[in-house]
There are 2 protein chains.
Amino acid sequence: MGAFYLDIKKDLLDKILSGVYPQGSIIPNEYELAEIYKVSRPTVRKAVQILVGEGYLEKRKKRGTIVCDPTIRQEFAQVIQTFDQEVKEKGLTPSTKVLTFKKEKAEEEVCQKLNLSETEKVYKLVRLRYIDDQPNVLVTTYVPCRLFEHLSDIDFEKESLYQTFHKEGRDITSIKRKLDVILADETCADLLDIKNGDPLFYFHSTGYDVTHTVIEYSIAKYRGDRNSFVFELSNTVYYS
Amino acid sequence: MGAFYLDIKKDLLDKILSGVYPQGSIIPNEYELAEIYKVSRPTVRKAVQILVGEGYLEKRKKRGTIVCDPTIRQEFAQVIQTFDQEVKEKGLTPSTKVLTFKKEKAEEEVCQKLNLSETEKVYKLVRLRYIDDQPNVLVTTYVPCRLFEHLSDIDFEKESLYQTFHKEGRDITSIKRKLDVILADETCADLLDIKNGDPLFYFHSTGYDVTHTVIEYSIAKYRGDRNSFVFELSNTVYYS
């Protein structure tokens, strides 16, 4: 019974994300939720409070608890996490389909980003990643073959790339990211189950190990309707 | 003569941003640039190196120095800066038009974000901000009237909001931001000089003073074609 509020939180979140409780609607009040889940009001309150803290719900004076926008909050935290970890921490279920995984001669842009010579080969890994069975992000990752000999043996539908780097003794310890916005083309829209021309977050990332060797270069397209990125600036104030 | 490389940098950047040197093109080599600007090659090299560091240019083996995408890099730094400061640091010229500035009764969303009672008034400030005379971001800011009595007297085409807070003894010391992507509607497209349906960065920000009092709530729409956000994750590695 200990963590029962987490089950309620997960159920409420599922209902928010699936639209049972649509954006802008009022969810049942504490009494009603306690009745629905057959638990005490403090248990319900705890579940609701977590969702308020995570930004999915908002308490409104007099009106009750309202559903905020349905996007999944991604934290620009100061920690590097795997996709699976991040999603699981939100009480959701991650999964991955590998669309392409092969060795190839790197294109010029990739050579440049990975500091490769023109003849060097890279692993090209294209993954479609799901949250609760809904496609969320399409990622293409390039890794120098020279750094990891046995990557081809690994099933990246089951294994995390970062965990694999870790097992091979080459943790990613810093990542540089550039974020743009673009519109989905037809292929991308089909894969992500959105409409042609819908807006996407468009990330270019370069991952480094502790010696500042570039380990990966990746290009990710996140659905704009299902993701938000939250972050906090603080402390140092500079006004000229 | 001391900082002449900065003038060259600014001129090169102007040419990149205005499309004289379009994305993907090769800029003149060091010899040619030294000739064009009538300076030494080390001076030219210094200017080019800054633009490489800022991500506007990239050195390609054999081919030369290539123009990267033409967006303005915004840093998700750990410091809070004013728009003017950020833009000036890039060697560009900021300016601001105030579209609306008035006191009004706060709407529910604004009441909520600023922790106001239902009868409290807010300043509503709508600004269109330009970089080198090109509209870049449309920002609507709400500030509780209770906290600042004399804001109405201030010309926000000349003064920075954050500097005004500073002068009034209420520095913003932390900001929470949520980032989404949306498509420009007709009005927004007209104001930002883009096309209806073009993608935008869509920020909701809440600014706090050192006592964690909410000082401002703002909604900003950045042109997607002219801005990129870059940031770095590092140090702590968490793999479950």
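See the structure printed just above.
Being a predicted model, the structure only gives us computed values, none of them experimental.

Parameters and conventions
Residues numbered from 1 in each chain as written. Chains lettered and ligands numbered in written order. Predicted model: local features only at pLDDT ≥ 70, side-chain atom pairs only at ≥ 80, totals over all residues. Heavy atoms only, no water. Helix = DSSP H or I, 4+ residues; strand = E, 2+ residues; numbered from the N terminus. Buried < 20%, exposed > 50% of the residue type's maximum accessible area, 1.4 Å probe, protein only. Contact = heavy atoms within 4.5 Å. Areas by Shrake-Rupley, 256 points an atom, 1.4 Å probe, with all protein chains shown as cover. Lys, Arg positive; Asp, Glu negative; His and termini not counted. Charge placed at Lys NZ, Arg CZ, Asp CG, Glu CD. Pairing = 2+ DSSP bridges. Patch = residues over 30% accessible without salt bridge, like charges linked within 9 Å, V, L, I, M, F, W, Y side chains within 5 Å. Salt bridge = Lys/Arg side-chain N within 4 Å of Asp/Glu carboxyl O. Axes fitted to C-alpha atoms, helices over the stretch in contact; angles between N-to-C directions. Parallel < 35°, antiparallel > 145°, perpendicular 65-115°, else oblique. Left-handed = near helix turned anticlockwise from the far one by under 90°. Nonpolar A, V, L, I, M, F, W, Y, C, P; charged D, E, K, R; others polar.

## What to know about the overall build of chain A
The helix and strand tally for chain A stands at seven helices and twelve strands. The C-alpha extent of chain A, read off along each of the three principal axes, is 65 × 50 × 40 Å. By the burial criterion, 51% of the 240 residues in chain A qualify as buried. Within chain A, residue pairs in contact and separated by at least 24 positions form 59% of the contacts whose partners lie at least 6 positions apart. For chain A, the exposed area adds up to about 11,600 Å²; of that, 49% sits on carbon and sulfur atoms. Between the mean site of the 35 positive side-chain charges and the mean site of the 38 negative ones, chain A shows a separation of 5 Å.

## Side note on the pairing of strand β7 (residues 134-144) of chain B
Residues and elements named next belong to chain B. For β7, the tally of buried residues reaches ten of eleven residues, placing the bulk of the element in the interior. Relative to β7, strand β6 (residues 121-131) runs antiparallel, the two being bridged by ten bridges. Pairing of V126 across the sheet is with T140, part of β7. The hairpin formed by β6 and β7 contains two residues between the paired strands, and D132 there has a positive phi angle of roughly 45 degrees. Summarising the sheet, β7 and strand β10 (residues 214-223) pair through six bridges and their orientation is antiparallel. When the bridges of β10 are listed, T140 appears paired with I219.

## Quick word on a negative patch on the surface
Residue and element names in this part refer to chain A. Taken together, the side chains of D185, E186, D190 and D193 present a region of like negative charge at the surface. In this structure, D185 sits in the loop between β8 (174-183) and α7 (186-192). Exposure remark for D185: the relative accessible area of 42% places this residue in the partly exposed category.

## Thoughts on the packing of helix α1 (residues 4-17) of chain A against helix α3 (residues 41-53) of chain A
All names here are of chain A. Where α1 contacts α3, the two axes come as close as 8 Å, and the packing angle between them is 50 degrees. Taken as axis vectors, α1 and α3 run oblique relative to one another. In the crossing of α1 with α3, the sense of the turn from one axis to the other is right-handed. Residues Y5, L6, I8, K9, L12, L13 and I16 of α1 pack against T43, K46, A47, V48, I50 and L51 of α3. For the contact of α1 with α3, the residue count by class is ten nonpolar, one polar and two charged.

## So, unusual backbone geometry
A positive phi is found at D133 of chain A, a non-glycine position, where the angle reads about 65 degrees. Counting through the fold element by element, D133 of chain A comes out in the loop between β6 (121-131) and β7 (134-144). For K38 of chain B, which is not glycine, the phi torsion reads 55 degrees and is therefore positive. Tracing the chain through its elements places K38 of chain B in the loop between α2 (30-37) and α3 (41-53).

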